[in-house]
Amino acid sequence: MDEITNPYMPGAGMRPVALLGRDAQQDQWMTQLARAEHGRPGRSSVLYGLRGVGKTVLLGKLHEEAEQREWVAGFIEAGTGKGLRELVAEAFQLPLQNLARPSASEKIKTALKTFVSFKASVDSTGTWTFGLDLDGSDGGGADSGALEMDLLRLILDLTTATREDGKGVALLIDEAQDLTNAEMATLCSLVHIANQRSLPFIVALAGLPSLPAALAEAKSYTERLFQFSHVQHLPDHDARAVLIEPARLESVEWESDAVTLAVEVSRGYPYFLQEFGSKTWSVAPGPVITERDAELGCAEGLRELDNGFFRARWDRATPQERAYLKAMAADGDTGSNSRAVADRLDKTMSQVSVARSNLIAKGLIYAPEHGRVAFTVPQMADFISRQHA
């Protein structure tokens, strides 16, 4: 069928035509925004799960919803080599430019001047004025070098300005597990203060399954600050709809057995559904997608995943780390006992500890509980088995 009308989008972070199975998280977010707009503390969110479950897409949707309510909403990705200060400065620059009008109130000018000082602490190449004369305005002072103090001053002035119009400030962070412990602690402190003062400031974090534990290590009271949502594979009816609905918009139908096959092979993981849907569309003559089309499409999609999605992660591992991954693969996706992995490698726990720690640091595995490890990528064990059978 025509590739131009192919409705499936397997790219990283690309929003599918049918974003299904995430209504609870979206409803929760909208409720918290509304509470904050009414002067009640809005509880921040943590989305965690394996790679390929659609956390980035969902976080992007939450960002869009905050923007539609005319909040000052910044979206950043941790782990890019930049610190939290620089990322926040970049994230808020564009939404604040939208507030910088000649008719801006003094509270908005104060917030803009504070942001200018905050940005100057990471970018000394020039002075930002947003095209307004801010010399006579209050504000500034968010350039002390103490991250928590400077961010707090910025958030206080921003929320004071936005609250005039019944709006708020939202900060959304993807790959949040890559924040440093100190940065996580700073965010927790900001959310805590915002809640205590009923400020319209809400944070949404998305990351790997290790994120809740990392937050708890940064601050012991995180379970009372955030609403935690484990983002998982889609239930069968939503997974089927993800394939059927976009095709139907293009006057194409899936046979029931074809849908069943693609859902089973994908195991309901959103990224895989998009990949298999896209490849099946490419091989199918249409306008009906048959089981045979799905067989060919899923096989092609699996090759694409092997050469890209899985391979990119495998290639990041050293030979010693790959040996550890192969020893884990014997247990499939359910996770492995750390001692059993060491035994399979005929080594002691201390001898494999470096490889284990490095794999965790690279985001290839995580520790769901003490003494256990699991892959952060669904079906990684199957990939390893296929490559080394």
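Residues numbered from 1 in each chain as written. Predicted model: local features only at pLDDT ≥ 70, side-chain atom pairs only at ≥ 80, totals over all residues. Heavy atoms only, no water.

K.L.:
Got a minute to help me understand the sheet that holds strand 4 (residues 201–207) in this structure?
P.N.:
Hydrogen bonds along the backbone pair up the strands of a sheet, which may run parallel or antiparallel. Reading across from one edge, 2-3-4-1-5 is the order of the five strands in this open sheet, with parallel pairing throughout. Edge positions in the sheet fall to strand 2 (72–77) and strand 5 (226–230), since each of these pairs with one other strand and no more. Ignoring strand direction, the axes of neighbouring strands in this sheet form an average angle of 15°. Pairing between strand 3 (residues 169–174) and strand 4: five bridges, direction parallel. Its bridge partner lying in strand 4, Ile173 is registered against Leu205. The sheet strands contacting helix 1 (residues 23–37) are strand 1 (44–48), strand 3, strand 4 and strand 5, and the helix crosses strand 4 at an angle near 160°. Contacting strand 2 and strand 3, helix 3 (residues 84–97) crosses the sheet at an angle of about 140° to strand 2. (Pairing = 2+ DSSP bridges. Helix = DSSP H or I, 4+ residues; strand = E, 2+ residues; numbered from the N terminus. Axes fitted to C-alpha atoms, helices over the stretch in contact; angles between N-to-C directions. Contact = heavy atoms within 4.5 Å.)

K.L.:
Whenever I open this one, the side chain of Gln32 confuses me. Can you help?
P.N.:
Mapped onto the fold, Gln32 is located in helix 1. For Gln32, the residues in contact, after removing those within four places along its chain, are Pro41, Gly42, Arg43, Ile202 and Gln227.

K.L.:
Help me understand the nonpolar core in this model?
P.N.:
Among the nonpolar cores identified, the biggest contains 66 residues, and Trp29, Trp254 and Leu325 are the most heavily contacted of them. Contact partners of Trp29, with chain neighbours within four places excluded, come to Ser45, Leu62, Glu65, Ala66, Ala170, Leu172, Ile202, Val203 and Ala204. Ranked by size, the runner-up nonpolar core spans 52 residues in total, among them Leu112, Ala142, Leu171 and Leu179. (Core = buried A, V, L, I, M, F, W, Y, C linked by side-chain atoms within 4.5 Å. Buried < 20%, exposed > 50% of the residue type's maximum accessible area, 1.4 Å probe, protein only.)

K.L.:
It is not clear to me how the environment of Ala34 should be interpreted in this structure. Could you clarify?
P.N.:
Along the chain, the position of Ala34 falls in helix 1. Sequence-wise, Ala34 and Gln196 are 162 residues apart; in three dimensions their C-alpha atoms are separated by 17 Å.

K.L.:
Can you help me understand the pairing of strand 4 in this one?
P.N.:
Side-chain positions along a regular strand alternate between the two faces of the sheet. Burial analysis of strand 4 places seven of its seven residues in the buried class, the great majority of the element. What you see with strand 4 is no split at all: Phe201, Val203, Leu205 and Gly207 on one side and Ile202, Ala204 and Ala206 on the other are buried throughout. In this sheet, strand 4 lies alongside strand 1 in parallel orientation, the contact comprising four bridges. The residue of strand 4 that forms the bridge with Ser45 is Ala204. Handedness of the crossover joining strand 3 and strand 4 through helix 6 (residues 181–196) is recorded here as right-handed. (Right-handed = clockwise from strand over helix to strand, strands pointing away.)

K.L.:
So what exactly am I meant to see when it comes to the sheet that holds strand 8 (residues 336–337) here?
P.N.:
Taken together, the three strands give an open sheet; going across it, the order is 8-10-9, and neighbouring strands pair in antiparallel fashion. Since the sheet does not close on itself, it has two edges, and those belong to strand 8 and strand 9 (365–366), each with one partner. As paired elements, strand 9 and strand 10 (residues 372–375) share two bridges and run antiparallel to each other. Within the sheet, the bridge partner assigned to Ile365 lies in strand 10 and is Phe375. Strands in contact with helix 13 (residues 319–329) are strand 8, strand 9 and strand 10; relative to strand 10, the strand with the most contacts, it is inclined by about 95°.

K.L.:
Looking at this model, I keep getting lost on the environment of Gln28. Mind explaining?
P.N.:
Summarising the element assignment, Gln28 is placed in helix 1. A relative accessible area of 22% means that Gln28 is categorised as partly exposed. For Gln28 and Ser44, which are 16 residues apart along the polypeptide, the C-alpha to C-alpha distance reads 9.6 Å. Contact partners of Gln28, with chain neighbours within four places excluded, come to Ser45 and Gln227.

K.L.:
I'm lost on the packing of aromatic side chains in this one. Help?
P.N.:
A ring pair, where both rings are aromatic, is described by two values, the distance of the centres and the angle of the planes. Going through the model one piece at a time under the given rule, you end up with twelve aromatic pairs. A centroid spacing of 6.4 Å and a plane angle of 70° characterise the contact between Tyr8 and Trp281, whose relative ring orientation is edge-to-face. Taken together, the residues span a long stretch of sequence, with Tyr8 in the segment before helix 1 and Trp281 in helix 11 (residues 270–283) at a distance of 273 residues. Residues Tyr8 and Trp281 agree in their burial class; the two are buried. Here a set of aromatic residues connected by ring pairs shows up, and it is made of Tyr269, Tyr271, Phe272, Phe276, Phe309, Phe310, Trp314 and Phe383. (Phe/Tyr/Trp six-rings, centres within 6.5 Å; stacked < 30°, edge-to-face > 60°.)

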